[in-house]
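These are the residues of each chain, in order.
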Amino acid sequence: MKATGKALKYGNNVDTDVIIPARYLNTSDPSELAKHCMEDIDKDFASKAAKNKNTVMVAGSNFGCGSSREHAPIAIKASGISCIIAATFARIFYRNAINIGLPIMECPDAARDIKENDEVEVDFDTGVISNLTTGNKYDGVPFPGFMQEIIASEGLIGFIRKQASKRL
Amino acid sequence: MGMTMTQKILAGHAGKKEVKAGELIMSSLDMVLGNDITAPVAIREFARIGMDEVFDKAKIALVPDHFTPNKDIKSAEQVKILREFAREKGIINYFEVGQMGIEHALLPEKGLVVPGDAVIGADSHTCTYGALGAFSTGVGSTDMAAGMATGKAWFKVPEAIKFVLKGKPGKWIGGKDIILHIIGMIGVDGALYKSMEFVGEGVHALSMDDRFCMANMAIEAGAKNGIFIVDEKTEQYVHEHSDRDYVVYEADSDAVYSEEHVIDISKIEPTVAFPHLPENTRTVGEAGEVKIDQVVIGSCTNGRIEDLRIAAEVLKGRKVYTDVRCIIIPATQKIWKQAMNEGLFDIFIDAGAAVSTPTCGPCLGGHMGILAKGERAVATTNRNFVGRMGHPESEVYLTGPAVAAASAVAGRITTPDDLD
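Thresholds applied
Residues numbered from 1 in each chain as written. Chains lettered and ligands numbered in written order. Predicted model: local features only at pLDDT ≥ 70, side-chain atom pairs only at ≥ 80, totals over all residues. Heavy atoms only, no water. Core = buried A, V, L, I, M, F, W, Y, C linked by side-chain atoms within 4.5 Å. Buried < 20%, exposed > 50% of the residue type's maximum accessible area, 1.4 Å probe, protein only. Helix = DSSP H or I, 4+ residues; strand = E, 2+ residues; numbered from the N terminus. Axes fitted to C-alpha atoms, helices over the stretch in contact; angles between N-to-C directions. Left-handed = near helix turned anticlockwise from the far one by under 90°. Contact = heavy atoms within 4.5 Å. Nonpolar A, V, L, I, M, F, W, Y, C, P; charged D, E, K, R; others polar. Domains from an automatic or database assignment. Buried area = accessible area lost by both parts, 1.4 Å probe. 1 Å grid on protein atoms, 1.4 Å probe; cavity = no way out; pocket = protein on both sides within 12 Å on 5 of 7 lines; lining within 4 Å. Points joined across faces, edges and corners; volume = space filled by probe spheres on them.

A. Examining the nonpolar core more closely. Grouped together as the largest cluster of nonpolar side chains are 88 residues, with contacts concentrated most on A:Phe63, A:Ile76, A:Ile84, B:Phe348 and B:Ile413. Take this core: its biggest share by element is 8 residues, from helix H14 (residues 401–410) of chain B. Ranked by size, the runner-up nonpolar core spans 63 residues in total, among them A:Ala90, B:Val113, B:Val119 and B:Ile182.

As structure tokens, then:
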């Protein structure tokens, strides 16, 4: 499985309150949430993500810190983001992203070097991140098999259902 | 190789004699929690799994506490999803407005978590129950759905950082000052993926309310969980609140820790976290002249009876500064009644403060005290991210209740000792 897209670059400690502010959490409708994704630090996020169809978010350390709201990865996924590359992820966000089938990759070097608007390709089987603009390649850590299967099943629930149907 | 306290609890719940840091395990769960923001998504995902019943009607708690009493039509619809699911599945621990309190103050008070438990909650501050010597951690809605269906969750066994506390806290110093000091020291990702284990004779000098406050903010250092040793105070609390049997786990003497910090809590001064991260800490003495518009005393961090008593001690016979709104929110109905019976509300109201029914409300910018552009609040809550309490250009300064109450009187950040 691969993801490609233009990079949108952010800093350290992007928290779930800026990914999707609590004032919009009276709904869990993905397309409604996507309209307000990242708006407190990047007003144009929704239009940039929509314009480029495939967009990769690149950020520093501790991405997704704060609240456990699954609305945060849901909003990002519904915005059309194909992958998030960060130096590190906060742990609840990490779980939530995998559980809803949003691909993410930890790679401090790539997170540091990739610049806004660079074309990026991520290969989830090998963990290799390629910056197509500069030609640089980085080794991220690929997911273990069962996590790749969860993402390929569009999340944990799809995975559980698939496992259950195999047993029948 | 020895195990940490957290590792021992996880081994016990995975049916294993031993677990090692980094190992993936499947753990049984003693409690699965959700609120009015996270549970509707979990209930939708639960339906997709296709199971008719939850794994245990007594081991699920649904607490509508964030946007309640319902702040608007959409919020009312969300809570309705919880209420109907609870009725349909026969979930015992659903708490309607009137019995409801802020979840992480409510569950220990109702005796629903005891030492040695393994708990997940679709709320990041689920780590609060570590104060009781339980393993508890925040997860998302999908994990909550899987937990409601199977009674299990997968975990990567965490490493731990050991915090050895010594000494006794000074006057006006509480759990909040200590945990802010620690987060300032290690940073908002200083304990990422790890446990924070609090040990040492200094723990005995801390009340249960201090410990709940500290475990609550373990997530603000990125930790998977925060956990305290179990002592006489813990056991007394558990006996007063629960009939359940419990297991006291202790770390092995040869347990391996990734870091160890010795903290003399007698030296900690009143502490404040500046915007927009909980790690931006300074002592109040170093804060300078910070004028404020609002004070919030409440939340799952500092809305307990001791917090209200401290606020009352400071506000007694004084007035809230003219240009400040002071909002006080007891965390549960029991705390509310206790505060009322102790006469604390007379003090608050005479001082010109507003007292609210339990709600998470302003902490996450939901309702009951939202900030306008450019406004500043001192809050006993747990996060001061951009836009957390309202407008993206507003600011939140995190403190304990003593500094918050003193700041309400002075109209700027200060300590009780600096009031006339």
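B. View of the packing of helix H11 (residues 305–315) of chain B against H14(B). All names here are of chain B. One way to put it is that H11 packs onto H14 with a least axis distance of 8 Å and a crossing angle of 35 degrees. In the packing of H11 onto H14, the handedness of the crossing is right-handed. Of the residues in H14, those touching H11 at Asp-307, Ile-310, Ala-311, Val-314 and Leu-315 are Pro-401, Ala-402, Ala-405, Ala-406 and Val-409. Looking at the contact of H11 with H14 residue by residue, the classes come out as 9 nonpolar, no polar and 1 charged.

C. A look at the domain arrangement of chain B. All names here are of chain B. Split into domains, chain B comes out as domain 1 (5–264) and domain 2 (272–419). The C-alpha-based centres of domain 1 and domain 2 are spaced at 24 Å. Taken together, the 36 residues of domain 1 in the interface contact 41 residues of domain 2. Summing both sides of the interface, domain 1 and domain 2 together bury roughly 3100 Å²; the carbon and sulfur share of this comes to 61%. In terms of surface lost to domain 2, no three residues of domain 1 exceed Ile-102, Trp-172 and Lys-176, which account for 24% of the buried area on that side.

D. Highlighting the layout of surface pockets. The calculated volume of the largest pocket comes to roughly 550 Å³. What lines the largest pocket is a set of 23 residues, and nearest its centre among them are A:Tyr94, A:Glu106, A:Met147, B:Lys156 and B:Tyr193. Mapped onto the lining of the largest pocket, the elements with two or more residues apiece are helix H5 (91–100) and strand S4 (104–106) of chain A together with strand S7 (152–156) of chain B. Residues of the lining of the largest pocket, tallied by class, amount to 15 nonpolar, 1 polar and 7 charged.

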